[in-house]
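This is what each chain is made of:
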Amino acid sequence: MMRVAVVGSGLVGLATAYELSRRGAEVVVVGNRAPGTGASTNNAGWVVPAESGPVPAPGVVLQTLRWMAKPDSPVYVRPELSPSFIRFFAGMLRACNAGSYDRAFAATAALARGTMDALDAWAADGMAFEMHAAGELRAYVDAAAYRAAVADLMRYERAGLAAEPLTGDEARTAVPALGDGVVGAVRFPSERHVRPQTVVDALVARLDALGATQVRGRVTGAWALPSGGAELRGGFGSLRADALVIAAGAWSGRVARLLGSRLPVRPGKGYSVDYVPAQLDMGPTVMLSEAHVAVTPLDGATRVAGTMEFGRLDERISAVRLRAVREAPGRYFRAWNPDAPSLAASAGLRPMMPDGIACIGRLAPFGQVYVATGHAMLGLTLAPRTGALLASAILDGADPAELRPFSPARFGA
Ligand SMILES: Cc1cc2nc3c(=O)[nH]c(=O)nc-3n(C[C@H](O)[C@H](O)[C@H](O)COP(=O)(O)OP(=O)(O)OC[C@H]3O[C@@H](n4cnc5c(N)ncnc54)[C@H](O)[C@@H]3O)c2cc1C
């Protein structure tokens, strides 16, 4: 039986561990915090192949420069003079063109295909989590932005994703809580949402039942073994495995460095806050397009989530930027109180790659060392398929076509 160590107990590590265990591997998950702490539980909860567009896009550079002057803007870059920072943003700049955007969208949408079936299979396998199949509405308050969105709808059809343009009135019929400022929307009827903590808890419980070992501790040393496997060391002692998966989110670059590999992953911080009781009565999730804020109806709560802050590996909350997230729904909904009763706000670090798409596959020059990170704004959506495809690469030696665009080889890693 193959023994596989997975570093990182976020959604990507847990989903990969689950797929490996389910298929008979002996799995050890090593995580330095309670499973899911950070991005994997504080995210917006959207399962949305339709949001496959990467951050680097035509026009993003100018927009980001304008936004950098505003402390409460949706995207913020904290400039640094380090070579890795300069390399990362030079790479992102190169990806800000229509061709790269189209390829990234198509590759990510192809990886996301089958996600809903995978979640249904998880549920059928005994995992109980809060899931809603109510679609997504991308709402616009700016007429030019809405027209541009409608002009881009063919992209979704090509990727096999259902998308329908709605007028402002049609949007208000679909979600009566929307206000008169909304000039139009795009509805994605097949999208879903979940309460991410319940997915993490379900995966942890299922891994236990399958006999996987879950170890708490930070990996501080890693060596590739001549046999192809790896040895890990940390507060937990040391352990050896026939294969290693680095799924340490925004920290994956640090873990890869222990083996001598360089991965250009950087954190993109975001915040979320749950209003309890729910402030809005609605079925689908709503994207506040211009504000880049996601509004999620959960059982008994309304979650708002947003901002993308390129900075350091810390989860500190900026009061100004959190305020912007809390206030954003006021421009889109009839009634919204940013100061209504809410739980404590939380932060998460999205693992970001310079070209905006995930980094999944075998790390050269090692035998059986793999990485699964860089899922950016879609780690929840992409975790089930990442886990399944990586498990077949590790256990069957498969080379799934869906994973090829995500190879770490594109960074020379
Ligand atoms: C505000 C916000 C909203 C979002 N909304 C959505 C959404 O609606 N839909 C969606 O699909 N995605 C969304 N995302 C993105 C998604 O949350 C992330 O892509 C995903 O959580 C990344 O998961 P991960 O497992 O790769 O990383 P993480 O969840 O960060 O897990 C990595 C784990 O590795 C651990 N670790 C790090 N270093 C070590 C070490 N040396 N030893 C041991 N353990 C280590 C970390 O502590 C962490 O627990 C959102 C993110 C944010 C921040």
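Anything mentioned here points back to the structure above.
Let me sum up the structure you'll find in this document. (Residues numbered from 1 in each chain as written. Predicted model: local features only at pLDDT ≥ 70, side-chain atom pairs only at ≥ 80, totals over all residues. Heavy atoms only, no water.)

1. A closer look at the overall build of the protein chain
Counted only if it meets this: Counting from the N terminus, the helices are DSSP H or I runs at least four residues long and the strands are E runs at least two residues long. When we talk radius of gyration, it's over C-alpha atoms, and the globule rule is simply 2.2 Å times the number of residues to the 0.38. Each residue gets one of three labels from its accessible area relative to the maximum for its type: buried under 20%, exposed over 50%, partly exposed in between, using a 1.4 Å probe on protein chains only. Every residue pair with non-hydrogen atoms within 4.5 Å of one another is taken to be in contact. Areas reported as accessible are Shrake-Rupley estimates using a 1.4 Å probe. Residue values count occlusion only from the protein chains shown. By the counting rule applied here, Lys and Arg register as positive and Asp and Glu as negative, while His and the ends of each chain are not counted. Every charge is mapped onto a representative atom, which is NZ of Lys, CZ of Arg, CG of Asp or CD of Glu.
Across its full length, the protein chain carries 13 helices and 21 strands. Computed over its C-alpha atoms, the radius of gyration of the protein chain comes to 21 Å, within 12% of the 22 Å expected for a compact globule of 413 residues. Counting only C-alpha atoms and orienting by the principal axes, one finds that the protein chain spans roughly 65 × 45 × 40 Å. For the protein chain, buried positions account for 58% of its 413 residues. Long-range contacts, defined here as pairs at least 24 residues apart, represent 75% of the contacts in the protein chain between residues at least 6 apart. Of the roughly 16,500 Å² of accessible surface on the protein chain, 54% is carried by carbon and sulfur atoms. Computing the positive centroid from 42 side-chain charges and the negative centroid from 36, the protein chain places the two 9 Å apart.

2. Structural notes on the site of the ligand
The condition is simple: We define proximity as follows: a residue is near a molecule or strand when any one of its heavy atoms falls within 4 Å of that partner. Polar contacts, as used here, are pairs of N or O atoms within 3.5 Å; protein pairs need one atom able to donate a hydrogen and one able to accept it. Residues neighboring in sequence count only if both atoms are side-chain atoms.
In the region of the ligand, 35 residues are neighbours, and Asn32, Ser40, Trp46, Ala376 and Thr381 sit closest. The backbone of Trp46 places a nitrogen or oxygen atom 2.8 Å from a nitrogen atom of the ligand. One nitrogen or oxygen atom from the main chain of Gly379 is found 3.1 Å from an oxygen atom belonging to the ligand. Here the ligand loses 97% of its free accessible area of 1,000 Å² to cover by the protein chains.

3. A look at the packing of helix 1 (residues 11-22) against helix 10 (residues 196-210)
The angle between the axes and the distance between the axes are what describe a pair of packed helices. How we decide: The axes are straight lines fitted to the C-alpha atoms, using for helices just the contacting stretch, and the angles between their N-to-C directions are given from 0 to 180°. Comment on the angle field: the value is read as roughly parallel under 35 degrees, roughly antiparallel over 145, roughly perpendicular from 65 to 115, and oblique elsewhere. Note: crossing handedness is left-handed where the near helix turns anticlockwise from the far helix by less than a right angle, and right-handed where it turns clockwise. Classes in brief: Ala, Val, Leu, Ile, Met, Phe, Trp, Tyr, Cys and Pro nonpolar; Asp, Glu, Lys and Arg charged; the others, Gly included, polar.
Where helix 1 meets helix 10, the axes come as close as 10 Å, and the angle between the chain directions of the two elements is 30°. Taken together, the axes of helix 1 and helix 10 lie roughly parallel to each other. The crossing of helix 1 and helix 10 is left-handed. Contacts between helix 1 and helix 10 involve Leu11, Leu14, Ala15, Ala17, Tyr18, Ser21 and Arg22 from the first element and Val199, Val200, Leu203, Val204, Arg206, Leu207 and Leu210 from the second. For the contact of helix 1 with helix 10, a count of residues per class yields 11 nonpolar, 1 polar and 2 charged.

4. As for the sheet that holds strand 14 (residues 243-246)
So the rule is basically this: Here a strand pair is declared whenever DSSP counts at least two bridges between the two strands.
Pairing is mixed across the open sheet formed by 6 strands, whose spatial order is 10-2-1-14-21-20. Where the open sheet ends on each side, the last strands, each with one partner, are strand 10 (213-216) and strand 20 (359-362). Mean inter-strand twist for the sheet, computed between neighbouring axes without regard to direction, equals 20°. Across the sheet, helix 13 (residues 379-396) lies against strand 1 (3-7), strand 14, strand 20 and strand 21 (369-373), angled at about 170° from strand 21, the strand it touches most.

5. Things to note about the nonpolar core
This is how the line gets drawn: Here, nonpolar core refers to any group of buried Ala, Val, Leu, Ile, Met, Phe, Trp, Tyr and Cys residues whose side-chain atoms link them within 4.5 Å.
Counting 54 residues, the largest nonpolar core has Trp122 and Val245 as the members making the most contacts within it. One finds Val175, Ala185, Ala291 and Ala340 within the second-largest nonpolar core, a separate group that totals 26 residues.

6. Observations concerning the sheet that holds strand 5 (residues 131-132)
Pairing between the strands of a sheet comes from backbone hydrogen bonds, and it takes one of two forms, parallel or antiparallel. Read across the open sheet, the 3 strands follow the order 3-9-5; overall the sheet is antiparallel. Each edge of the sheet is formed by a strand with only one pairing partner; in this case those strands are strand 3 (46-47) and strand 5. Summarising the sheet, strand 3 and strand 9 (residues 192-194) pair through 2 bridges and their orientation is antiparallel. Paired with Val47 across the strands is Arg192, a residue of strand 9.

7. Let's talk about helix 10
Rules: A helix's residues, less one, multiplied by 1.5 Å, set its expected span.
An ideal rise of 1.5 Å per residue puts 21 Å on 15 residues; helix 10 measures up with 21 Å between its terminal C-alpha atoms. Taken as a whole, helix 10 has its buried residues at Pro196, Thr198, Val199, Val200, Ala202, Leu203, Val204, Arg206 and Leu207. Of the residues one or two after helix 10, Gly211 is the one with positive phi, at around 90°.

8. What to know about the packing of aromatic side chains
Note the cut-off: Think of it this way: a Phe, Tyr or Trp ring, Trp meaning its six-membered ring, pairs with another when their centres are within 6.5 Å, and the plane angle makes it stacked under 30 degrees, edge-to-face over 60, tilted otherwise. Counted as over-ring charges are cases with an Arg CZ or a Lys NZ within 6 Å of the ring centre that also lie within 35 degrees of the ring normal.
Under the definition given, this model contains 9 aromatic pairs. Between Phe85 and Phe89, the aromatic rings sit 4.7 Å apart at their centres with planes inclined by 45°, giving tilted as the arrangement. Taken as a pair, Phe85 and Phe89 lie in helix 4 (residues 83-95) at a separation of 4 residues, close to a single helical turn. Phe85 gets classed as buried once you look at its relative accessible area, which sits at 10%. Just above the ring of Phe105 sits the side chain of Arg155; from NZ or CZ to the centre is 5.2 Å. One cation-aromatic arrangement involves Arg233 over Trp223; the distance from NZ or CZ to the ring centre is 4.5 Å.

9. Considering the pattern of salt bridges
Where we set the bar: Note on definitions: salt bridges are taken to be side-chain nitrogens of Lys or Arg within 4 Å of carboxyl oxygens of Asp or Glu.
The final tally for this structure, using the stated rule, is 28 salt bridges. Among the salt bridges present, the one from Asp180 reaches Arg334, with a minimum N-O distance of 3.7 Å. Here Asp180 is found in the loop between helix 9 (168-174) and strand 8 (184-188), whereas its partner Arg334 is found in the loop between helix 12 (319-327) and strand 19 (346-352), with 154 residues between them in sequence. A single network of salt bridges, built from pairs that share partners, joins Asp169, Arg172, Asp180 and Arg334.

10. What to know about the packing of helix 1 against helix 13
As a packed pair, helix 1 and helix 13 sit with axes 8 Å apart at the nearest point and diverge in direction by 40°. By the angle class used here, helix 1 and helix 13 are oblique. The two elements helix 1 and helix 13 cross, and the hand of that crossing is right-handed. Judged by residue contacts, Leu11, Val12, Ala15, Thr16, Glu19 and Leu20 of helix 1 engage Gly379, Leu380, Ala383, Pro384, Thr386, Gly387, Ala388, Leu390, Ala391, Ile394 and Leu395 from helix 13. When grouped by side-chain class, the residues that make up the contact of helix 1 with helix 13 number 12 nonpolar, 4 polar and 1 charged.

11. Describing a nonpolar patch on the surface
Basically, it comes down to this: In this analysis, a patch consists of residues with relative accessible area above 30% that form no salt bridge, clustered at 9 Å for like charges and at 5 Å for the nonpolar side chains Val, Leu, Ile, Met, Phe, Trp and Tyr.
On the surface, a cluster of nonpolar side chains totalling about 370 Å² of accessible area is made up of Val61, Leu62, Leu65 and Leu93. Of the residues forming the nonpolar patch, the biggest block, 3 residues, is contributed by helix 3 (residues 60-68). Along the polypeptide, Leu93 turns up in helix 4.

12. So, unusual backbone geometry
Each neighbour pair has its own omega, and for Val276 with Pro277 the value is 0°, a cis peptide bond. You can see Pro277 is positioned in the loop between strand 15 (266-275) and strand 16 (285-288). Following Ala364, the chain continues to Pro365 via a peptide bond in cis, the omega torsion being 5°. Take Pro365: it is sitting in the loop between strand 20 and strand 21. Its identity as a non-glycine residue notwithstanding, His292 has a phi of 55°, on the positive side.

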